[in-house]
Amino acid sequence: MSKGEIYQVLLETKRYWHYYLLSLFFMILSVGSDLWIPLVIREVIDEAFIREDYSRLTFSLAMILLLAVLSGGMNFLSRITSEVAAQKTVKDIRNDVFDVLVRQDIAFFSSQETGQLLTRGTADIEAIRRFLSMGSRISMQGLLVYFGLLILLWNIDRVLLSLVVFLGLPLVFIMAMFGKKIGPLFIKQRKLFGDVSTVAQETIEGITVVKAYHGEKIQKNIFKSQNHRYFELQLQIARERAIYIPLVFLTIGVITGLVIYLGGVTVINDVISIGTFVAFITYLVMLALPIRFVAWFLALYEQARAGSARVYEILNRKPRIVETESVPISGSLKGDIFFEDVTFSYSRSTPPVLRNLNLSIKGGEKVAILGSIGSGKTTLVNLIPRFYDPDKGRVLIDGIDVKKYRLRDLRKKIAFVGQDTFLFSTSLKENIAFAKPSASMEEIIRASKIAQLHDFIETLPEGYETLVGERGVRLSGGQRQRVAIARAILADASILILDDTTSSIDSQTEQELHKALAKVVEGRTVIIITQRLGNLRLADRILLLKDGQIVEEGTHSELLARKGLYWDIYASRTIDPKLAEMILENLTQERG
Amino acid sequence: MSFAKRFSQDTSRKEREFSDLELLRFFVGFLKPYSKLILAILGVLIFGSFLAILNPLVLKIAIDNYIIPKRRSELWKITTIYLLVVLSTWITDIARIFLISYLGQRTVYDIRNDTFERLIDLSMDFYESEESGRLTSILTNDIDTIADFLRNGLTDIIANLMRLIGLVAIMLWLSPGLTVVTLLVTPLVGIIFYYLRKYARGAYRSIRQSVAKLTSKLAETINGILVIKVYAQEERLKGEFASINEENYRANIKQNVIVSLILPSIKTLSSTAILLIIAYALWRNQIAGQTEVSVGLIVAFIRYEGMLFDPILSLTMFYSLFQSALAALERVKRISNQESSVKEPENSVIPSDPLGEIEIDDVWFSYDGGKTFALKGITLNIAPGESVALVGHTGAGKTTLGKLILRYYDPTQGAIRLDNVDLRKLSLDYIGRRIVLVPQDPFLFNAPIVENIRFGNPEASIDQILRVSKLIGLDKVVAKLPEGYDSIVGPRGVQLSQGEKQLLSFARALVSNPLVIVLDEATASVDPFTEYEIQKATETVLEHSTTIVIAHRLSTLKNVDRIVVLENGKITEEGTWSELIELKGAFYDYYRAQVLSEMKGIIRTSN
Ligand SMILES: Nc1ncnc2c1ncn2[C@@H]1O[C@H](COP(=O)(O)OP(=O)(O)O)[C@@H](O)[C@H]1O
Ligand SMILES: Nc1ncnc2c1ncn2[C@@H]1O[C@H](COP(=O)(O)OP(=O)(O)O)[C@@H](O)[C@H]1O
Ligand SMILES: [Mg+2]
Ligand SMILES: [Mg+2]
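Residues numbered from 1 in each chain as written. Chains lettered and ligands numbered in written order. Predicted model: local features only at pLDDT ≥ 70, side-chain atom pairs only at ≥ 80, totals over all residues. Heavy atoms only, no water.

A. Structural view of the sheet that holds strand β1 (residues 337-344) of chain A. Residue and element names in this part refer to chain A. Here 4 strands make up an open sheet; going across it, the order is β2-β1-β4-β5 and the pairing antiparallel. Since the sheet does not close on itself, it has two edges, and those belong to β2 (354-361) and β5 (400-401), each with one partner. Sheet topology note: the β1/strand β4 (residues 392-397) ladder contains 5 bridges and is antiparallel. Following the sheet pairing, F338 is matched in β4 by L396. (Pairing = 2+ DSSP bridges. Helix = DSSP H or I, 4+ residues; strand = E, 2+ residues; numbered from the N terminus.)

What follows is the structure, given as structure tokens:
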């Protein structure tokens, strides 16, 4: 792993450098006062206790009190300022992550585990937060205390200090080893935590299936084993901690022991005063604090490094779908759609889903796409709002390559109702008005009426304010689909794409829907993917897709006459010949 | 009906549901299995505290008894003793860090498993009122907070409390007067803690809530990314996310102000205590002559004082971690306390003869506790092996009835029986393995295809999987994939087309050898040709299973034994295909409407 990401985090803090500077200033005052106290104590001991000279005693005692208050107060200010800076940085990073995340292409989302993304947006950033807020404080305080102590010890007794420094050298080695051991473990830890999150999230999202097959036991076992892996790793980390951290204190303890002996000898030889000796030992014991901080800092640092690597993996990812020229769209589109020799595959290792496909749809035309499962219908329409870009060939709208449009404008002109209806866990009203939050109640009701939804909503006690639950679980399948249609109607786009959006709707409702829809789609381009011939009512032309190519094209009767695939897949199996004849007769009479 | 958020916890529930004591008891419950380990840790901690207290004592002896009397030749003795203390400290440190981490991680592992297990056993109505991201956040982020507490907070507090007791004892032994003086300021610490408690808890609670909200928003955005992009609403969502993020920021700052206040005030108090020690010592010495309080004693007391405030300082750390953990525990306990509305029977019955007969006996069902009814008095008997179709408008209650047969919910009134036994008397496991549902929205795990199929029956052999796949035409789909049956399908199966997902979901049901199967629009997105193939396959594989089909393409229902029309939660018609056509009632109307619609579609594209 490169060190890069944590530096990126540090760069983010640059914006708040003045906070850190202020915090440092307060910290210097605080640590300074702290370190001064033993000096005053030394004076008190040497003067008042040994020499019985009380002239400066009151002053010294007042000094201790003042220093104590100063140290506490400055410590508070220093903490708060650095904390604000850290929290602001983290807030920025998190907002950036969200920004970058929603800008990613659809392909990114179909390859990422939701749970992993969730931990990147929460727990991994949390690791950065801990580092920035505690790490900065610890390192500042630690360094100040450390150097302050060194200077003091230097002034007290240089020989002893040199000894201490020499004996302290192994500490550097111990710390380095600790960092090296624990770093990779933390990287693994973040990943495993994401795995735990993934199992949880997936199980909860798929609870219907889990319950349907009584798969609770299976999921419990999967969760347990992920949880166990996380647990084992945590133990491994604990083991490293248990090895290295006590070693640090052992070293300090041994040094102190030696100082007691050697220092004692010098005191006995009257080289230094007993007060000096006491001060030296006191400071030496205080040295344990910054050293403990180093170990702590290292752990925080390594954790943040692991976290930021995962966070910046998102932040540094460039979306694949980018604007090339950003041609703005003002007003509405004519709606001409042209596929020019389009080839597309989802990945290099799979055969193309669309193969040299050519298709021309005139503005205002209504086209139905039929085809067996997996023939590429959804893929085809996915290329129009640029959820994906073709590998070869072009998709043109109104004669301009879709890549050249400003992405936002392009998508605003296309209302796309996907096969897998998605509702937000808010109210019906907010779901319908999703594309146009400013929509008035009349507009919302009008759209609901067209989608054959209004009458149902009226029966609900809370009407349009009714909350639909996650993904709309509190609605029936057909109700969900109609909400999605109402949403598309309200979007008022030039091109309407309906991908199998009436599969859960009964024919009678569907007919009503078509009748109402026919009026609003006047003049707009409509592409409707369907498995039901009833839906052809909206269409001027039928396209039949097979293995990523258009194999038949024309009106029903043209296709029927060919007795090709259309006949095989649809007509022969759906139409009851007797009844059809009867009704056809009726209808022709009605018309005639 | 009312969709009030029945369980949702984050809708500004500020009131405390559990007292701290209840939460602690709940927590201690998880520690119980490790009482031996805890005893061992206690031993280590006591020994460690003993050593920690010994350390300055040895130092005092060194100064007072060796250095000041200038006993140079014997100085090595006391130094050796000091080093022995250091060595023993080292060993106890190793044991302490490892054992405590082990206990902490182990407990958290248990809490996490336990919470997940309770969660997943909850009935569907719970899930319909919760957001997945929030639940995930409890299982991950919240429980990790508890781990933090165990590792850093609890351990220190025990060690420090012991140290505190030992310290006070030794201080009393050395000089009762100095001890009293040193302890004079400690009540102030208690007062500070007491005052800040409420604020700290509130701040931590809002942090936990905002983290859950962040997770939920992220999860929803990720799941709904297509819709967001379709309508180019990225900017709006960014705004919404940023405001939750701001909430999180504020809560963090608030918490920090509170905790930061404690620390410096305690430090100030600690230094004040030093002052008192010196003043007292001088005062005593003036009254009683120089010898009463020796220099060594003062040095020792100043160090003891520092050590005394050390535990108090770490009490702050503990305090903050503790409040944070309590806020998290509150959320965990709420899940543990959640009653499942579908309960495992106390004495489950096993039907003597599993045939697959379903008896629906005057079933009423309401999603909202009786305000409106989705099913209104359904009575229907389905013979073993019979196939019955449920037909009706969207929202008529077809899916609801299917879910009741699986016992996702219990009927508000009436009963459903399988082979003459009320579902409520059968074990959930029995129902789960014999009654199967293919839901309207296929859900796939982000796992290989073969595992997704096997979810229906963990014992299914590869042969069986291959056979079923071939029967319904799934093999052709799989053949296109580079890794065949081992291909991973993406989250929720997004790397497959909707129809392919339905096929897979269907295959999963077929390998499960169900006694009763509910097919809820299981092939709605499949082309008629494939659907026909599936139908043929189903007829052989599910020959002996009782089948309940919900479908809108009525022409596919000609071969079912019976058709039941559901309107507004009531059965309005029942009979075979030809009977119902003859009847010229609702079903006839549906069928006519469908054919008419198809014809109109055809006519439109014919001219
Ligand atoms: N995100 C994806 N990644 C990889 N393969 C995909 C993805 N989406 C669809 N496919 C594959 O592309 C083919 C065409 O899918 P699609 O266009 O959805 O079919 P349909 O005609 O049923 O709408 C299918 O074989 C499917 O497995
Ligand atoms: N989880 C739920 N909570 C509240 N109401 C629900 C829930 N699920 C369905 N409903 C309502 O119950 C009625 C019947 O739904 P459902 O059985 O899904 O209809 P369908 O016949 O289309 O399958 C609908 O009006 C729907 O809005
Ligand atoms: Mg599709
Ligand atoms: Mg349904």
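B. Expanded view of the environment of V257(B). Of note, V257(B) is situated in helix α9 (residues 234-288). V257(B) gets classed as partly exposed once you look at its relative accessible area, which sits at 30%. For the pair V257(B) and A200(B), spaced 57 residues apart in sequence, the C-alpha to C-alpha distance is 9.5 Å. V257(B) has contacts with F76(A) and I80(A), leaving out every residue within four places of it along the chain. (Buried < 20%, exposed > 50% of the residue type's maximum accessible area, 1.4 Å probe, protein only. Contact = heavy atoms within 4.5 Å.)

C. Geometry of the site of ligand 1. Ligand 1 sits among 17 residues. The nearest are G374(A), K377(A), T378(A), T379(A) and E500(B). In this structure, ligand 1 is bordered by residues of chains A and B. For ligand 1, a nitrogen atom lies 3.5 Å from a polar atom in the side chain of Y346(A). Between an oxygen atom of ligand 1 and a side-chain N or O atom of T379(A), the distance comes to 2.4 Å. When ligand 1 sits alone it has 560 Å² of accessible area, and the protein chains cover 88% of it. (Near = heavy atom within 4 Å. Polar contact = N/O pair within 3.5 Å; in protein donor to acceptor, adjacent residues only side chain to side chain. Areas by Shrake-Rupley, 256 points an atom, 1.4 Å probe, with all protein chains shown as cover.)

D. A look at the site of ligand 2. Not every one of the 20 residues close to ligand 2 is listed here, only the nearest: Q479(A), E128(B), G395(B), T399(B) and T400(B). Residues lining ligand 2 come from chains A and B. Taking A396(B), its main chain carries an N or O atom lying 3.2 Å from an oxygen atom of ligand 2. G397(B) places a polar main-chain atom, nitrogen or oxygen, 2.9 Å from an oxygen atom of ligand 2. Computed on the free molecule, ligand 2 has an accessible area of 550 Å², of which 96% lies beneath the protein chains in the complex. Examining the composition of the shell around ligand 2, we find that 3 residues originate from one element, helix α11 (residues 398-405) of chain B, more than from any other. Residue composition of the shell around ligand 2, grouped by class: 9 nonpolar, 8 polar and 3 charged. (Nonpolar A, V, L, I, M, F, W, Y, C, P; charged D, E, K, R; others polar.)

E. Fine view of helix α7 (residues 186-223) of chain B. With 38 residues, α7(B) extends 54 Å between its outermost C-alpha atoms, agreeing within 8% with the 56 Å of an ideal straight helix rising 1.5 Å per residue. The largest bend in α7(B) amounts to roughly 45° and is located at R197(B). (Expected span 1.5 Å × (residues − 1). Bend = angle between axes of the 7 residues up to and from the residue.)

F. Up close: the side chain of T350(A). When you line up the elements, T350(A) lands in the loop between β1 and β2. Judged by its relative accessible area of 19%, T350(A) falls in the buried class. For T350(A), the side chain forms a polar contact with the main-chain oxygen of S347(A), separated by 3.0 Å. Among all residues touching T350(A), those that are not within four sequence positions of it are S345(A) and P482(B).

G. Seen up close, the packing of aromatic side chains. Summed over all chains, the structure comprises 35 aromatic pairs over all chains. Between F297(A) and Y301(A), the aromatic rings sit 6.4 Å apart at their centres with planes inclined by 10°, giving stacked as the arrangement. Of this pair, F297(A) and Y301(A) both sit in helix α10 (residues 274-315), 4 residues apart, roughly one helical turn. Note on Y346(A) and Y388(A): the rings are 5.2 Å apart at their centroids and 90° apart in plane angle, and the pair reads as edge-to-face. With a gap of 42 residues between them, Y346(A) in the loop between β1 and β2 and Y388(A) in the loop between α11 (377-382) and β4 connect regions that are remote in the sequence. One aromatic cluster is present, built from ring pairs that chain together Y213(A), F443(B), F445(B) and F455(B). One cation-aromatic arrangement involves R71(B) over Y66(B); the distance from NZ or CZ to the ring centre is 4.5 Å. Positioned over the ring face of Y588(B) is K584(B), at 4.6 Å from the centre of the ring. (Phe/Tyr/Trp six-rings, centres within 6.5 Å; stacked < 30°, edge-to-face > 60°. Lys NZ or Arg CZ within 6 Å of the ring centre and 35° of its normal.)

H. Highlighting the coordination of the magnesium ion (ligand 3). Residue and element names in this part refer to chain A. Distances from the magnesium ion (ligand 3) to its protein donors, T378 (OG1) and Q419 (OE1), fall within 2.0 to 2.4 Å. Highlighted residues: T378 in helix α11 and Q419 in the loop between β6 (414-417) and α13 (428-432), separated in sequence by 41 residues. Under the relative-accessibility criterion, T378 is labelled partly exposed at 24%. Residue Q419 is classed as buried on the basis of its relative accessible area of 16%. (Donors = N, O, S within 2.8 Å, 3.2 Å for Na, K, Ca; no water.)

I. Examining the side chain of R553(B) more closely. Tracing the chain through its elements places R553(B) in the loop between β8 (546-550) and β9 (562-567). Here the side chain of R553(B) touches V526(B) through a polar contact of 2.9 Å, landing on its backbone oxygen. Within the structure, R553(B) has its side chain in polar contact with the side chain of E531(B) (distance 2.5 Å). Ignoring sequence-local partners within four residues, the contact set of R553(B) consists of Q531(A), R532(A), T523(B), A524(B), V526(B), D527(B), P528(B), E531(B) and Q594(B).

J. Representation of the interface of chain B and chain A in the model. Between chain B and chain A, the contact holds 186 residues from the first and 190 residues from the second. Contact between chain B and chain A buries roughly 17,400 Å² in total, counting both sides, with carbon and sulfur atoms accounting for 66%. Inspection of the region where chain B meets chain A yields 9 salt bridges. The salt bridge involving R130(A) is made with D148(B); its shortest N-O contact spans 3.9 Å. (Buried area = accessible area lost by both parts, 1.4 Å probe. Salt bridge = Lys/Arg side-chain N within 4 Å of Asp/Glu carboxyl O.)

K. The arrangement of the packing of helix α1 (residues 4-13) of chain A against α10(A) in detail. Residues and elements named next belong to chain A. Close contact between α1 and α10 brings their axes to 8 Å; oriented N to C, the two are set at 90°. For the element pair α1 / α10, the angle class is roughly perpendicular. Contacts between α1 and α10 pair E5, I6, Q8, V9 and E12 from the former with Y301, A304, R305, S308, A309 and Y312 from the latter. When the residues that make up the contact of α1 with α10 are grouped by side-chain class, the tally is 6 nonpolar, 2 polar and 3 charged. (Axes fitted to C-alpha atoms, helices over the stretch in contact; angles between N-to-C directions. Parallel < 35°, antiparallel > 145°, perpendicular 65-115°, else oblique.)

L. Summary view of the sheet that holds strand β10 (residues 549-554) of chain A. Residues and elements named next belong to chain A. Spatial ordering of the open sheet is given by β6-β7-β8-β3-β9-β10, a layout of 6 strands whose pairing is mixed. Two strands lie at the open edges of the sheet, namely β6 and β10, each paired on one side alone. For this sheet the average axis-to-axis angle between neighbouring strands, irrespective of direction, equals 15°. Alignment of β6 against strand β7 (residues 495-499), held across 4 bridges, turns out to be parallel. In the sheet register, V417 faces β7, and the bridge partner there is L498. Against the sheet, helix α16 (residues 477-491) makes contact with β6 and β7, and its axis sits at roughly 180° relative to β6, the strand it touches most.

M. Representation of a nonpolar patch on the surface in the model. A surface patch of nonpolar side chains, amounting to about 400 Å² of accessible area, comprises W17(A), L21(A), L24(A) and I28(A). Looking at where L24(A) falls in the secondary structure, it is placed in helix α2 (residues 17-50). (Patch = residues over 30% accessible without salt bridge, like charges linked within 9 Å, V, L, I, M, F, W, Y side chains within 5 Å.)

N. Highlighting the pattern of salt bridges. Going through the model one piece at a time under the given rule, you end up with 63 salt bridges over all chains. A salt bridge links E313(A) to R120(A); the shortest N-O distance between them is 3.6 Å. Linking E313(A) in helix α10 with R120(A) in helix α5 (residues 114-121), this pair joins segments that are 193 residues apart in sequence. Residue classification places R120(A) among the buried positions, given a relative accessible area of 9%. Between D410(B) and R407(B) there is a salt bridge; the shortest N-O distance is 2.7 Å.

O. Up close: the pairing of strand β1 (residues 358-365) of chain B. Residues and elements named next belong to chain B. Bridge count between β1 and strand β2 (residues 375-382): 6 bridges; the pairing is antiparallel. Its bridge partner lying in β2, E359 is registered against N381. Relative to strand β4 (residues 413-418), β1 runs antiparallel, the two being bridged by 5 bridges. Each bridged residue has a counterpart across the sheet, and for I360 the counterpart in β4 is I416.

From the geometry alone we can't say anything about function, so treat these as descriptive.
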